[in-house]
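Overview (structure and organization)
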Amino acid sequence: MKKKRLISLLLAVFIAAICLPTGFAQAESVPSIELVFDRNTGEIGDILIGTVRINNVKNFAGFQVNIVYDAKVLMAVNPETGKELGSSEFPSGRTLLKNNDFGPLQMVSNNKEEGILNFGATYTYLNEYREAGAAEESGVIAKVGFKILQKKNTAVKFEDSATMPGAVSGTFLFDWNGENITGYKVIQPDGLKFGGSSEPQETPGTQIPGSETPSVTPSATPEVTPQITPSIVPSPTVKPTETPSSTGHAVKVEIEPVIDETTGAAKAVIDDEKLGKAIDEAEKSEGEKTVELSIRKAENADTYIQELPAKFLLSNSAEYKLKVATELGTVEVPANMLDNPSISKLIKEDSVVELVVKEVKIEELSAELREKIGNRPVIDISVVVDGKKVEWSNSKAKVRVSIPYKPDAKELENHEHIVVLYIDAAGKAVSVPSGRYVPDLGVVTFETNHLSIYAVSYVHKTFTDIGSYAWAKKQIEVLASKGVINGTSDTTFTPQADITRADFMILLVKALGLTADVTSNFDDVSEKDYYYEYVGIAKELGITTGVGDNKFNPKAKITRQDMMVLTTNALKIAGKISSPGTSADVERFSDKAQIASYAVEGVATLVKEGIVVGSGNIINPKGNASRAELAAIIYKIYYK
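Residues numbered from 1 in each chain as written. Predicted model: local features only at pLDDT ≥ 70, side-chain atom pairs only at ≥ 80, totals over all residues. Heavy atoms only, no water.

By the naming in an unreviewed UniProt entry, the protein chain is SLH domain-containing protein, taken from Acetivibrio straminisolvens JCM 21531. Under the Subcellular location (unreviewed entry) heading, UniProt states for the protein chain: "Secreted". (UniProt positions renumbered as here; feature names shortened; annotations may be inferred.)

What follows concerns helix α11 (residues 560-573). The end-to-end C-alpha distance of α11 is 20 Å, a good match for the 20 Å that 14 residues give at a rise of 1.5 Å each. Turning to α11, its buried residues are Arg560, Gln561, Asp562, Met563, Met564, Val565, Leu566, Thr567, Thr568, Ala570 and Leu571. Along its buried surface, α11 packs onto α9 (501-512), α12 (600-608) and α13 (627-638). Immediately beyond the C-terminal end of α11, within one or two residues, lies glycine 575, with a positive phi of roughly 75°. (Helix = DSSP H or I, 4+ residues; strand = E, 2+ residues; numbered from the N terminus. Expected span 1.5 Å × (residues − 1). Buried < 20%, exposed > 50% of the residue type's maximum accessible area, 1.4 Å probe, protein only. Contact = heavy atoms within 4.5 Å.)

Sheet analysis places strand β16 (residues 303-309) next to strand β19 (residues 352-359), joined by 7 bridges and oriented antiparallel. Across the sheet, residue glutamine 306 finds its bridge partner in β19, namely leucine 355. Bridge count between β19 and strand β20 (residues 378-385): 7 bridges; the pairing is antiparallel. Bridged to valine 353 within β20 is valine 385. (Pairing = 2+ DSSP bridges.)

What follows covers the sheet that holds strand β7 (residues 139-148). With respect to topology, 5 strands assemble into an open sheet ordered β4-β7-β2-β1-β10, the strand pairing being mixed. A single partner strand is all that each edge strand has here, and the edge strands are β4 (74-77) and β10 (185-187). The mean angle between the axes of side-by-side strands here comes to 20°, regardless of whether they run parallel or antiparallel. Note that strand β1 (residues 32-37) and β10 share 3 bridges and pair parallel. Residue pairing in the sheet places serine 32 in a bridge with lysine 185 of β10. (Axes fitted to C-alpha atoms, helices over the stretch in contact; angles between N-to-C directions.)

Let us look at unusual backbone geometry. Most peptide bonds adopt trans geometry, and most residues besides glycine take a negative phi value. At asparagine 59, a residue that is not glycine, the phi angle is positive and equals roughly 60°. Overall, asparagine 59 belongs to the buried group, its relative accessible area being 16%.

This next bit is on the environment of asparagine 180. On the secondary structure map, asparagine 180 appears in the loop between β9 (171-175) and β10. C-alpha of asparagine 180 to C-alpha of tryptophan 471: the two residues are 291 residues apart in sequence and 9.8 Å apart in space.

The subject of this paragraph is the packing of aromatic side chains. In this description, a pair of aromatic rings is defined by centroid distance and the angle of the planes. Following the criterion strictly, the structure yields 17 aromatic pairs and no others. The residue whose ring lies beneath arginine 501 is phenylalanine 552, and the NZ or CZ to ring-centre distance is 4.5 Å. Sitting above the plane of the phenylalanine 493 ring, arginine 627 keeps its charged end 4.2 Å from the centroid. (Phe/Tyr/Trp six-rings, centres within 6.5 Å; stacked < 30°, edge-to-face > 60°. Lys NZ or Arg CZ within 6 Å of the ring centre and 35° of its normal.)

Turning next to the environment of proline 79. For proline 79, the location among the structural elements is in the loop between β4 and β5 (104-108). With 66 residues separating them along the chain, proline 79 and glycine 145 place their C-alpha atoms 4.5 Å apart.

It is worth spelling out the packing of α9 against α11 at this point. Axis angle and axis distance: for two packed helices, these are the angle between their axes and the distance between the axes, and together they describe the pair. Across the interface, α9 lies against α11 with an axial gap of 11 Å and an inter-helix angle of 25°. The angle between α9 and α11 places the two elements in the roughly parallel class. Judged by the sense of rotation from one axis to the other, the crossing of α9 with α11 is right-handed. Contacts between α9 and α11 pair Arg501, Phe504, Met505, Leu508 and Leu512 from the former with Asp562, Met563, Leu566, Thr567, Ala570 and Leu571 from the latter. Here the contact of α9 with α11 is built from residues that sort into 8 nonpolar, 1 polar and 2 charged. (Parallel < 35°, antiparallel > 145°, perpendicular 65-115°, else oblique. Left-handed = near helix turned anticlockwise from the far one by under 90°. Nonpolar A, V, L, I, M, F, W, Y, C, P; charged D, E, K, R; others polar.)

Let us look at the packing of α11 against α13. α13 packs onto α11 with a crossing angle of 15° between their chain directions and a minimal axis gap of 12 Å. With respect to α13, the element α11 is oriented roughly parallel. Here α11 and α13 pass one another in a crossing that is right-handed. For the pair α11 and α13, contact is made by Arg560, Met563, Thr567 and Leu571 and by Glu629, Leu630, Ile633 and Ile637, respectively. When grouped by side-chain class, the residues that make up the contact of α11 with α13 number 5 nonpolar, 1 polar and 2 charged.

Structural data, given as structure tokens:
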């Protein structure tokens, strides 16, 4: 009798199995991440719900996804309230990675204008999670509502981004060892058919945060080229011509250089009257005022020189900029470039200044430098006043440099590790933290307050102890490669350690490229301290006023709320925040009452900006921040 019942049971199971839909059987057997909609049709105003879930992912401990949609056709909303999803609002409906015993951390940065949802979550106490032995291997990681705005066929899908190297169709999954998971299937949703178009609309190109500064495709507005008569005399007759510019009102002047037969240098000259007229034209703009002096390419020239009247660089503010463009690189200098006592005292009423951009041959460098740089570009940028080279530096005047560069396939895949080095007087290579590759423009850019020899390089720094911090590993490696952040040794980062107030200030000042003349400092900060200059810059700029009695308490562990206050102050000074947050921005946190009154605006601003999102409904203002957590935050600030 028992045997008959067993046969009946097995037969029932077999019949049920062969009757299951194919998709269901696959989801039950193959590790996957999928995005599915409750329906794929609807009318204007309807809300479709997209569910993101993982299926049978062994030892699952974290994820990050990049979802794109057409923002003209759909609006991302909270499916429970129908309200538009905020830029720092994590989607609802997650059933996984919510156990507070394992330190859940969520990250989000949504671009509503571009139609990009990028969010992720992870457990941070991976050892405890692994030792518990009960991995969360299947379940929902998000539910997103999409409100129909137009009746056009469209698509929503996971999609890769150039700034998300190594992703699997716009997704990252991490295991409880902190390693990337591979071998899983990405299941895309069917197209959404609302009518109004015979074919589905193409989804927009993607761009992921970490990046808090999404790249923008250059406008197709054609550039108006100045009409000039080629000339071989040092002071050609040119007519400044307005050039459309997304950053303000630019005036472009093309100049034919004269070749020095002895040195091979190509020299361009513009006189007082012509440059003055070009600046007057640029100053009609309400935005950034720039005059571009474009030196035409000269055959076989390895040096380009732009001569101009020195008085145009003696302003006491950066009221306009002069951009010297050459085939070797472009150097943009502010109007106050020479407003420095050590240089301005050398300048007379009729003085001329030469901005020099010279190609450095790789064989001129030491063997150590050649190994670091390879065959990448190296240029020497200098200033000559009345025929004499001067050592230029000015903490109040930033020079912006761009160098044309074509990465190889490996570099392009991990282009955040393309960096800039400057060669100091001792021949040592020093990282320039602001150096980065801009894929859309095909150039490496950086900002500096001193001139030197600069080289493009490729650095992929890593540490032996960050493997279990997959959610911050990339950020740590990028920042370390650029010289923004250092390890606790050459091979270790100590990601779990709390960070001191002084060390945080170093990260903040480096990431934002802040500079100032340090005229005073706090009583508990000595000139011998490695953080003296950075804390001094922060004090000089008003980022910090200390803890009272002219003390900074540099060796104390920084609290999360103090970190947010200092970061907000720094972002304001750097011009990267348009308006502060308010208490309403932190209303959703259950521990908001723990935020000190002096810190409410700072915390609220970073929440509003999407730089800090908290863990669920916890912001933990009085807790300390680990080195890994701050690396993830500084990375966002770096790209803001």
